[in-house]
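# Coordinate analysis (summary)
So you can see what is in the structure, the chains are spelled out below.
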Amino acid sequence: IFPPELRFAFLKFFNRIFHVFSSYCYFDITEIDGVNTNELYNAVQLYLSSSVSIAGNRLSLTRAVNSSSITFGLSNNDSIVDTFNGVTVLWEHVVTQRQTQTFAWRPLPEEKRGFTLRIKKKDKTLILNTYLDYIMERANEIRRKNQDRLLYTNSRGGSLDSRGHPWESVPFKHPSTFETLAMDPRKKQQIMDDLKDFAEGQVFYQKTGRAWKRGYLLYGPPGTGKSSMIAAMANYLGYDIYDLELTEVHSNSELRKLLMKTSSKSIIVIEDIDCSINLTNRKKNSSNVSSQRSYYDAETRNGSGSGSGGSGEEGGNGNTITLSGLLNFTDGLWSCCGSERIFVFTTNHIEKLDPALLRSGRMDMHIYMSFCNFPSLKILLKNYLGYGVEDINGDVLKEMEMVVEKAEMTPADVSEALIKNRRDKEKAIRELLEDLKSRGERNVKDGKLRGGSGNLTELEVVEEQEKRAIDSQNEDEDHDEEEIELEDNICKTRED
Ligand SMILES: Nc1ncnc2c1ncn2[C@@H]1O[C@H](COP(=O)(O)OP(=O)(O)OP(=O)(O)O)[C@@H](O)[C@H]1O
Ligand SMILES: [Mg+2]
């Protein structure tokens with residue numbers, strides 16, 4: 001009888017009267033807020049599915065693509081009671097049909113879903129903020145416990161996805177753990193302890209006034225397990241991984257935006273840092289070019305193919321990330337938005353890195369991933385063949401121990417050799433030993449062993465290299481000037 005407009009106004013009026021006299025207040029948490037997905041909605045869903053007694057309610061079950069776990073959710077228009085700090089609240093899941101759209105920038109789901117939270121007015125100030133924070137925290141915890149870690153990437157080159165996020169995510173299920181990682185057990189334990197201390201270090205970091213973050217630099221030849229180490233770290237701590245593709249980031253401000261959109265309890269990874277950032281401005285301006293640097297210059301020029309002298313042209317490829325921008329990202333003020341962050345850089349050539357990156361305090365721990373040595377070999381034999389030392393002939397084992405370092409095989413090479421013959425374990429051992437021996441002999445003959453000329457072991461050589469790289473920075477008297485020039489470049493790009 002009434003026209004719909006009138007009926008609507010009437011209802012609204014009643015609602016308002018009702019609310020004025022009601023002793024409750026209501027909060028709507030809709031699934032999609034404007035154009036963004038509301039993270040709180042997902043968090044509430046996860047939280048309610050786990051921590052509230054669900055007896056007597058009708059539940060909907062969901063399983064995300066590729067996820068291993070099932071979440072229980074409230075069915076449509078069902079409600080549930082929760083208590084927090086002695087205060088009782090009511091959650092209602094509200095689902096309504098969305099009016100069909102004639103035009104939209106992006107299609108929205110047909111149903112409009114949301115939670116309504118009902119709190120007594122007198123409790124509102126008491127719990128609202130802490131309660132919601134608590135829910136977010138719990139939801140993250142639940143997600144981590146479900147082993148649903150995510151791997152984020154920015155490979156879309158700065159464009160935003162349908163939810164307005166610069167990061168794209170996929171479920172992360174790398175099976176690598178510290179147990180399967182082949183490296184010196186003592187070093188491994190050191191890293192695990194360091195990670196543990198970090199994850200439990202909230203009080204320490206607060207007390208000492210340090211930002212709650214830590215940086216690791218992984219270096220070593222290809223196939224020695226740098227990426228596997230990152231996966232192991234994520235699995236150990238239950239953190240998400242943000243794989244930052246620097247070549248897809250076009251400016252320092254874009255870098256900052258990406259950083260701001262990362263969550264706490266995450267590992268931010270930049271792989272092959274020596275290849276992915278163009279620091280040639282810095283090189284060109286440096287009057288004090290060390291031999292290492294000119295080598296690097298030559299490499300990058302060769303790499304760019306044309307050799308058209310483009311190495312000095314800032315922004316020649318539209319990429320104007322600078323080293324100082326990157327350092328701001330890792331340890332400037334901006335690195336502290338959010339907490340509990342781990343930065344991991346990897347490189348195959350530590351000697352190519354800018355000394356500013358190696359300076360103490362920048363990356364907290366430098367981890368050398370070495371060629372396969374005897375302790376790592378033992379781990380790989382156990383992993384791939386199920387053999388402990390007691391299962392292998394003592395003489396063979398001794399021989400392996402003698403040649404393994406000289407052979408300079410990477411753990412990837414060794415795993416490959418073991419996988420090939422995993423049906424015939426004896427053959428696998430035999431062939432591996434042959435392989436180790438022949439490579440070792442070849443290396444000795446070619447004088448290729450880096451420790452070959454002096455008495456230095458491989459590790460000592462690499463440590464030496466690293467030290468030299470850091471020292472060369474201290475000699476660099478132009479350093480301050482360069483920093484200023486870098487800042488100038490940033491200003492220029494901003495004006496652009
Ligand atoms: N230390 C290791 N322990 C166990 N497996 C390893 C180890 N190193 C390498 N592998 C095996 O070799 C493969 C390649 O290793 P990974 O990708 O981690 O090497 P990387 O150091 O990251 O190489 P790159 O420098 O080319 O990125 C892995 O799939 C893994 O199975
Ligand atoms: Mg790798």
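Further up the page is the structure itself.
I will try to describe carefully the structure that is included in this document. Note that the structure is predicted; figures quoted are calculated from it, not measured.

## A look at the site of ligand 1
Residues in contact with ligand 1 amount to 16 residues; listed here are only the nearest, A182, G223, K226, S227 and S228. One of the side-chain nitrogen or oxygen atoms of K226 is found 2.8 Å away from an oxygen atom of ligand 1. At 3.0 Å, a side-chain N or O of N348 approaches an oxygen atom of ligand 1. When isolated, ligand 1 has an accessible area of 620 Å², and the protein chains bury 72% of it. Contributing elements (two or more residues each) for the shell around ligand 1: α6 (226-237), α13 (374-385) and α15 (411-420). Each residue belonging to the shell around ligand 1 can be placed in one class, and the counts come to seven nonpolar, eight polar and one charged.

## A short note on the sheet that holds strand β9 (residues 149-153)
A sheet is described by the order of its strands in space; here seven strands give the open sequence β10-β9-β12-β13-β14-β11-β15, paired in mixed fashion. Only two strands of the sheet have a single partner each, and these edge strands are β10 (168-172) and β15 (365-368). Sheet twist, expressed as the mean angle between neighbouring strand axes with direction ignored, is 20°. When β9 meets β10, the two strands line up antiparallel, connected through five bridges. In the strand pairing of β10, L151 is matched with V170. Sheet strands in contact with helix α4 (residues 185-199) are β11 (213-219), β14 (341-347) and β15, and its direction is about 150° off that of β15.

## Some remarks on the side chain of K188
Looking at the element boundaries, K188 is found in helix α4. No salt bridge forms around the buried K188; measuring N to O, its nearest opposite-charge neighbour E179 is 7.7 Å away. Those residues in contact with K188 that sit more than four places away from it in its chain are F178, E179, L181, M183 and I379.

## Here's the deal with α13
In this model, α13 (twelve residues) spans 16 Å end to end at C-alpha, consistent with the 16 Å of a helix rising 1.5 Å per residue. Considered for burial, the residues of α13 that qualify are F374, S376, L377, I379, L380, L381 and L385. Among the structural elements, α4, α14 (394-407), α15 and α16 (425-446) are those in contact with the buried residues of α13. Within two residues after α13, G386 carries a phi angle of roughly 75°, on the positive side.

## Here we look at the pairing of strand β12 (residues 240-243)
The pairing of β9 with β12 spans three bridges and is classified as parallel. Directly across from Y152, in β12, lies its bridge partner Y242. Pairing analysis gives four bridges linking β12 to strand β13 (residues 266-270), with the strands arranged parallel. Considered in β13, the bridge of Y242 is made with I268. With respect to chirality, the unit in which β12 leads through helix α7 (residues 252-260) into the neighbouring parallel β13 is right-handed.

## Focus on the packing of aromatic side chains
For any pair of aromatic rings, geometry is given as the distance between the ring centres together with the angle between the planes. Scanning the model with the defined rule gives 15 aromatic pairs in all. Note on Y47 and Y131: the rings are 6.3 Å apart at their centroids and 85° apart in plane angle, and the pair reads as edge-to-face. Of the two residues, Y47 is situated in helix α2 (residues 39-51) and Y131 in helix α3 (residues 121-145); the sequence distance between them amounts to 84 residues. Like Y131, Y47 is buried. With 6.1 Å between their ring centres and 50° between their planes, F198 and W212 make a pair best called tilted. Of the two residues, F198 sits in helix α4 while W212 sits in the loop between α5 (202-208) and β11, which places them 14 residues apart along the sequence. Summarising the burial analysis for this pair, F198 and W212 share the class buried. Among the aromatic residues, those joined into a cluster by ring pairs are Y41, Y47, F84, W91, F115, Y131 and Y134. When the ring centre of Y24 is taken as reference, the NZ or CZ atom of R118 above it lies at 3.9 Å.

What counts as what
- Residues numbered from 1 in each chain as written.
- Chains lettered and ligands numbered in written order.
- Predicted model: local features only at pLDDT ≥ 70, side-chain atom pairs only at ≥ 80, totals over all residues.
- Heavy atoms only, no water.
- Near = heavy atom within 4 Å.
- Polar contact = N/O pair within 3.5 Å; in protein donor to acceptor, adjacent residues only side chain to side chain.
- Areas by Shrake-Rupley, 256 points an atom, 1.4 Å probe, with all protein chains shown as cover.
- Helix = DSSP H or I, 4+ residues; strand = E, 2+ residues; numbered from the N terminus.
- Nonpolar A, V, L, I, M, F, W, Y, C, P; charged D, E, K, R; others polar.
- Pairing = 2+ DSSP bridges.
- Axes fitted to C-alpha atoms, helices over the stretch in contact; angles between N-to-C directions.
- Contact = heavy atoms within 4.5 Å.
- Buried < 20%, exposed > 50% of the residue type's maximum accessible area, 1.4 Å probe, protein only.
- Lys, Arg positive; Asp, Glu negative; His and termini not counted.
- Salt bridge = Lys/Arg side-chain N within 4 Å of Asp/Glu carboxyl O.
- Expected span 1.5 Å × (residues − 1).
- Right-handed = clockwise from strand over helix to strand, strands pointing away.
- Phe/Tyr/Trp six-rings, centres within 6.5 Å; stacked < 30°, edge-to-face > 60°.
- Lys NZ or Arg CZ within 6 Å of the ring centre and 35° of its normal.

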